[in-house]
Amino acid sequence: MGKNFLFVCGDIGGASMMVSVVHSLQSAGHNIKFVVDGEGVGYQVLLGVRISFEVQFEPTSSGSFHIPADEADLVFISTCASTNKIGKAYARAFRGVKPVVFGADGFFNHGYKWREDEADFWFAINEAHAEAIRSLRPQLDSGRVRVVGQPAFDSLMEFIPRKEQIRNEQRQALGIGENKKMFLWFSQGMPEVIEEDLEMMAEGIKLLEPLAPYSVFIPRVHPKLDKLKSGWVEKIYGDFEHLCQLYGIQFIRADKIKGEELCLASDVILSITATDDIKNWMMGGPPVIHLMGPRVRQWFEKDLLLSPPFYLPDVKSGEALAVTSSEEWEKVLRQALDPSTCQLLREKWQAPREKATKKVARTLVELAF
């Protein structure tokens, strides 16, 4: 007999994580009801993918919900970082009535705005992520944190056997020879840290000057920055192009190439933290350097509740590097370009044996009453 599942999300990342799981459960004869927070844009993901949904802004005037507890065997909520009012409301209403499961599409959702909210189970992307979730919730039995992967990234499994081919094809398309080092930067989109992100990256470019004849810089600027300041995205691209020209570094915009393919074409990836870091980890791609200046570390500790000195799970597990000040840039860049360091960073990496969609769907059925 099929189970009844209630899915709740807010924004794009959380909705994307759930799409393939919904289809898998429906094809197995289970019933899905999907609620989207009206303050987010997760609905954009669901349009056109054969998933019906209801948009909600508030509980009903009586304080109840449009979908009552007797219509669900389990509630699966994505811990969206930016839009979470409806997700939190359902978690608080259903906990103790029906199993509540929190999922995460990134490595810091478990702290950011979700520290005070409890679930019966958490889904982690990898074991390091699971340990980070457990460390913030010592009262939660360790077995209630399940490592399931990230369903939105299942398609990347097809890239893994073709990593070298993709690297060669994309570098050839961009006109980048094997004698050059490609540095790929993903900007942050959060207003608390974007200014420091730009400052730290500018410092890094200056330090590439001795390698200028052999260096290529490719930036990816978060599109949401235009919402913070009109025309800011293009200005950032222009400023970095000018800086690269000043220091003799080749500047390339590669907006039409998928982020995951650019990761595999790169030699070093730079970012505070971004979705593409997780994609790169899953594929066993090149080294990542996380930019962790003082404002970023304050944001990590105060808002995201991440623990110093490592903060992110991939840094703590030794699978990524971090630069915390201008003085550290040169040393960390040398490490990232050292083949022996690259080998150490990938020592623990293993290709996924099973798609996360299957793991998540199977586990949800197991946990449902």
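K.L.:
Quick rundown of the sheet that holds strand β10 (residues 250–251)? Include the residues and the values.
P.N.:
Read across the sheet, six strands follow the order β10-β9-β8-β11-β12-β13 without closing on themselves; strand pairing throughout is parallel. In this open sheet, the two strands that pair with only one neighbour each are β10 and β13 (321–323). Where strand β11 (residues 268–271) meets strand β12 (residues 288–291), three bridges bridge the pair, whose relative direction is parallel. If you follow Ile269 over to β12, its bridge partner there is Val288. Sheet strands in contact with helix α13 (residues 329–337) are β8 (181–186), β11, β12 and β13, and its direction is about 160° off that of β13.

K.L.:
Which residues make up the pairing of strand β9 (residues 215–220), and what are the values?
P.N.:
Of all six residues in β9, six are buried; the element is thus mostly enclosed. Burial along β9 is two-sided: the face carrying Ser215, Phe217 and Pro219 and the face carrying Val216, Ile218 and Arg220 are both buried. As defined by bridge partners, β8 adjoins β9 across six bridges and the pair is classed as parallel. Each residue of the ladder has a partner; that of Phe183, found in β9, is Phe217. Chirality of the crossover, the property in question, places the unit of β8, helix α6 (residues 194–207) and β9 among those that are right-handed.

K.L.:
How would you summarise the pattern of salt bridges if you had to cite specific residues and measurements?
P.N.:
For the coordinates displayed, the defined rule picks out 22 salt bridges. For Glu178, the salt bridge identified is with Arg167, shortest N-O distance 3.3 Å. Here the residue Glu178 occupies a position in the loop between α5 (163–174) and β8, and Arg167 occupies one in helix α5, the gap between them amounting to eleven residues. Where Glu234 meets Arg253, a salt bridge forms, and the shortest distance between an N and an O atom there is 2.9 Å. Of this pair, Glu234 sits in helix α8 (residues 232–246) while Arg253 sits in the loop between β10 and α9 (259–265), and the two are 19 residues apart along the sequence. One continuous salt-bridge network, built from bridges that share partners, spans Arg167, Arg171, Glu178 and Asp267.

K.L.:
Any chance you could break down the sheet that holds strand β3 (residues 54–56) for me, citing the residues and the numbers?
P.N.:
An order of β3-β2-β1-β4-β5-β6-β7 is seen for the seven strands of this open sheet, with the pairing classed as parallel. Edge strands, defined here as strands with exactly one partner in the open sheet, are β3 and β7 (145–147). In this sheet, neighbouring strand axes are inclined to one another by 25° on average, regardless of whether the strands run parallel or antiparallel. One ladder, built from three bridges, connects strand β2 (residues 31–37) with β3; its direction is parallel. Bridging across to β3, Val35 finds its partner in Glu54. Against the sheet, helix α1 (residues 12–27) touches β1 (4–9), β2, β4 (74–78) and β5 (100–103), its axis set at about 165° to β1. Taken strand by strand, helix α4 (residues 127–136) contacts β6 (121–124) and β7, and its axis lies near 145° from that of β6.

Calculation notes
- Residues numbered from 1 in each chain as written.
- Predicted model: local features only at pLDDT ≥ 70, side-chain atom pairs only at ≥ 80, totals over all residues.
- Heavy atoms only, no water.
- Pairing = 2+ DSSP bridges.
- Helix = DSSP H or I, 4+ residues; strand = E, 2+ residues; numbered from the N terminus.
- Contact = heavy atoms within 4.5 Å.
- Axes fitted to C-alpha atoms, helices over the stretch in contact; angles between N-to-C directions.
- Buried < 20%, exposed > 50% of the residue type's maximum accessible area, 1.4 Å probe, protein only.
- Right-handed = clockwise from strand over helix to strand, strands pointing away.
- Salt bridge = Lys/Arg side-chain N within 4 Å of Asp/Glu carboxyl O.

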